[in-house]
Amino acid sequence: MRHKGVGADSAVEKTENIGTAMEKMGREFFGTIPRLYTIFAHSINRWQILKDNVKGLTLKSLSTTRWESRIDSIKPIRTQLGDVRKALREVRGTDRDAKIISEAKSLEEYELGDFEFLAQIVIWFELLSKVNVVSKRLQAKDVVLDVAIDEVDKLIKFFKNYREVGLLDEAREIANEIGVNAEFRQKRVIYRKKQFDKSSSVEEVTFSPEEDFRVNYFLSIVDQAIFSLETRFEQYQKFEKIFGFLFPKKLKILDEAKLKECCYRLEDALKYEGESDIDAKELCTELKLITTFLPRHIDNPFDVLDYIFQRSTTYPYAINAYKVLLTIPVTVASTVRSFSKLKLLKTYLRSTMSQERLNGLATISIESEILDTMDYKELIESFASKNARRTTLFA
């Protein structure tokens with residue numbers, strides 16, 4: 001096919017970037033999470049104390065390369081705050097290391113015992129949980145463009161709605177459960193010396209501790225997330241404008257004039273050096289015929305293409321159009337995993353491995369599902385038959 005590159009950027013990569021951007025707003029918060037894990041993980045006795053007090057999810061380390069690990073690290077603390085504080089209290093009473101005692105006291109009283117930290121963990125758990133769910137859906141093998149657009153649109157609406165709702169009620173409930181004062185600590189007000197050229201009638205705006213947290217922390221995080229989503233997924237909207245009419249739900253409601261306009265737009269988008277695999281007039285005619293016999297239960301491009309193939313192969317331009325649509329990489333999760341798999345195969349102990357062997361091992365690992373269905377006996381016989389020495393070895 002002769003068409004311009006129309007592949008979408010990685011949806012998973014986009015959501016990871018969103019998570020990273022949000023995390024920059026909470027560096028102090030994400031600096032506390034590893035401290036909780038470290039104080040228990042660096043001692044067998046302290047880890048046993050943790051296990052005795054925290055019966056559910058165990059604490060997890062915070063990865064510096066995978067933003068998704070943030071939610072895995074936050075969840076055990078968010079759901080078991082009281083139990084984690086009990087474990088820290090026991091460490092304070094039993095450990096003999098003054099440094100560990102001081103660290104445990106700091107974490108129990110000034111982090112997990114601070115209402116601002118409780119509000120932060122509620123916010124981050126809610127936001128990252130939602131981003132993680134969407135990220136997982138976008139990594140599905142069968143995800144297509146309209147599904148991705150719908151998921152991203154829902155995520156944007158969630159953030160906009162969450163921006164307006166009250167955020168401290170849940171934090172106050174947790175504070176009451178674990179016996180923490182549900183009030184923000186009053187910070188010292190810094191008075192700046194006014195210069196002679198400044199008008200004395202202009203007064204500085206001062207916020208209450210709760211309003212300061214909302215404006216300078218909560219709204220900053222949510223607004224940055226919304227901005228990232230709206231700007232980073234603009235390309236989805238461009239692709240929807242070009243290919244959106246091919247989705248069954250839209251195709252069935254388009255009038256002839258609108259359908260013809262969409263077909264010409266697609267022909268122009270797929271042109272390369274003056275030639276295109278799509279003829280707009282022929283495509284329009286084919287799509288009008290397809291809509292007359294397309295069953296109502298078919299609602300995605302995969303099933304449309306499969307149905308066309310089963311019914312007839314006399315719709316070449318429609319087939320080409322749907323093939324291009326279905327090859328737009330909504331996610332490159334499989335490609336990313338492939339590179340990760342290569343790191344496991346190409347180690348320093350295998351530095352002399354040939355490219356052919358590396359490709360073979362990588363293919364076997366990546367396509368393990370296909371490998372499981374193959375007949376090993378037949379493969380061995382084929383391998384052995386190519387060399388006389390192998391025949392005697394595998395006999």
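Residues numbered from 1 in each chain as written. Predicted model: local features only at pLDDT ≥ 70, side-chain atom pairs only at ≥ 80, totals over all residues. Heavy atoms only, no water.

Details of the overall build of the chain
For the chain, the count of helices and strands is 21 helices and zero strands. For the chain, with 395 residues in total, the buried portion stands at 40%. The contacts of the chain with a sequence gap of at least 6 include a subset with a gap of at least 24, amounting to 73%. Roughly 24100 Å² of accessible area belongs to the chain as shown, and the carbon and sulfur atoms make up 50% of that amount. (Helix = DSSP H or I, 4+ residues; strand = E, 2+ residues; numbered from the N terminus. Buried < 20%, exposed > 50% of the residue type's maximum accessible area, 1.4 Å probe, protein only. Contact = heavy atoms within 4.5 Å. Areas by Shrake-Rupley, 256 points an atom, 1.4 Å probe, with all protein chains shown as cover.)

Regarding a nonpolar patch on the surface
Where nonpolar side chains cluster on the molecular surface, the patch consists of Ile370, Met374, Tyr376, Leu379 and Ile380 and spans about 460 Å² of accessible area. Per-element tally for the nonpolar patch: the top contributor is helix H20 (residues 376-384), with three residues. Position of isoleucine 370 among the secondary structure elements: in helix H19 (residues 368-372). On the basis of relative accessibility, which here comes to 48%, the residue isoleucine 370 falls in the partly exposed class. (Patch = residues over 30% accessible without salt bridge, like charges linked within 9 Å, V, L, I, M, F, W, Y side chains within 5 Å. Salt bridge = Lys/Arg side-chain N within 4 Å of Asp/Glu carboxyl O.)

Digging into helix H10 (residues 209-232)
Here H10 contains 24 residues, and its C-alpha end-to-end distance of 33 Å stays within 8% of the 34 Å for a straight helix at 1.5 Å per residue. Buried within H10 we find Phe213, Tyr217, Phe218, Leu219, Ile221, Val222, Ala225, Ile226, Ser228 and Leu229. (Expected span 1.5 Å × (residues − 1).)

Let's talk about the pattern of salt bridges
Two side chains of opposite charge can pair, provided their charged atoms sit close to one another. Using the criterion set out here, one finds 19 salt bridges in the structure. With a shortest N-O distance of 2.8 Å, arginine 92 and glutamate 108 are connected by a salt bridge. Separated by 16 residues along the polypeptide, arginine 92 in helix H5 (residues 81-94) and glutamate 108 in helix H6 (residues 98-111) bring together distant segments of the chain. On the accessibility criterion, arginine 92 (26% relative accessible area) is partly exposed. Measuring nitrogen to oxygen at the nearest pair gives 1.9 Å for the salt bridge that ties glutamate 240 to lysine 250. Pair noted here: glutamate 240 is in helix H11 (residues 234-243) and lysine 250 is in helix H12 (residues 248-251), with a separation of 10 residues, a long-range link.

A look at the confidence of the model for the chain
Close inspection of predicted coordinates is inappropriate in any region flagged by low pLDDT. In the predicted model, the chain carries a mean pLDDT of 81, and 79% of its residues have values of at least 70. Low pLDDT (under 50) marks residues 1-12, which in the prediction has 46 contacts with non-local residues, meaning those over four places away or in another chain. (pLDDT = per-residue confidence, 0-100.)

Remarks on the side chain of glutamate 286
Here glutamate 286 shows up in helix H14 (residues 280-293). Within the buried set, glutamate 286 has no salt-bridge partner at all; the shortest N-O distance to an opposite charge, 12 Å, is to lysine 323. A polar side-chain atom of glutamate 286 sits 2.7 Å from the main-chain amide nitrogen of alanine 318. Setting aside anything within four residues of it in sequence, one finds glutamate 286 in contact with Thr314, Tyr315, Pro316, Tyr317 and Ala318. (Lys, Arg positive; Asp, Glu negative; His and termini not counted. Polar contact = N/O pair within 3.5 Å; in protein donor to acceptor, adjacent residues only side chain to side chain.)

Digging into the packing of helix H2 (residues 27-41) against H5
Two numbers describe how H2 lies on H5: the axes approach to 12 Å, and their chain directions differ by 50°. The angle between the axes of H2 and H5 places the two elements in the oblique class. The element H2 and its partner H5 pack so that their crossing is left-handed. In contact with Leu36, Ile39 and Phe40 of H2, H5 contributes Val84, Ala87, Leu88 and Val91. (Axes fitted to C-alpha atoms, helices over the stretch in contact; angles between N-to-C directions. Parallel < 35°, antiparallel > 145°, perpendicular 65-115°, else oblique. Left-handed = near helix turned anticlockwise from the far one by under 90°.)

Description of the packing of aromatic side chains
The geometry of an aromatic ring pair is captured by the separation of the ring centres together with the interplanar angle, meaning the angle of the planes. A full pass over the atoms with the stated rule returns 13 aromatic pairs. Aromatic pair phenylalanine 158 and phenylalanine 159: ring centres 5.6 Å apart, planes at 70°, arrangement edge-to-face. Considered together, phenylalanine 158 and phenylalanine 159 belong to a single accessibility category, that of buried residues. Counting every residue linked through ring pairs, the aromatic cluster contains Phe29, Phe30, Phe117 and Trp124. Above the face of the phenylalanine 158 ring, lysine 130 is positioned so that its terminal group lies 5.5 Å from the ring centre. (Phe/Tyr/Trp six-rings, centres within 6.5 Å; stacked < 30°, edge-to-face > 60°. Lys NZ or Arg CZ within 6 Å of the ring centre and 35° of its normal.)

Examining unusual backbone geometry
Positioned with a positive phi, glutamate 273 is a non-glycine residue whose angle comes to about 55°. Along the chain, glutamate 273 falls in the loop between helix H13 (256-269) and H14. Of the residues examined, glutamate 273 reaches a relative accessible area of 69% and is grouped as exposed.

Looking at the environment of arginine 85
In this fold, arginine 85 is placed in helix H5. Distance in space between the C-alpha atoms of arginine 85 and glycine 113 is 8.3 Å, their sequence separation being 28 residues. If sequence neighbours within four positions are ignored, arginine 85 has contacts with Glu108, Leu112, Gly113, Ile178 and Val180.

Digging into the side chain of glutamine 80
Looking at the secondary structure, you find glutamine 80 in the loop between helix H4 (69-79) and H5. Non-local contacts of glutamine 80, meaning those with residues more than four positions away in its chain, are made with Val54, Lys55, Gly56 and Leu57.

Side note on H14
With 14 residues, H14 ought to run about 20 Å at 1.5 Å a step, and its terminal C-alpha atoms sit 21 Å apart, in line with that. Within H14 the residues assigned to the buried category are Ala280, Leu283, Cys284, Glu286, Leu287, Ile290 and Phe293. Turning to H14, the residues buried within the fold contact H12, H13, helix H15 (301-311) and helix H16 (316-326). You can read the cap of H14 off the contacts: a side-chain oxygen lies 3.2 Å from the backbone nitrogen of lysine 281, and it is on aspartate 279.

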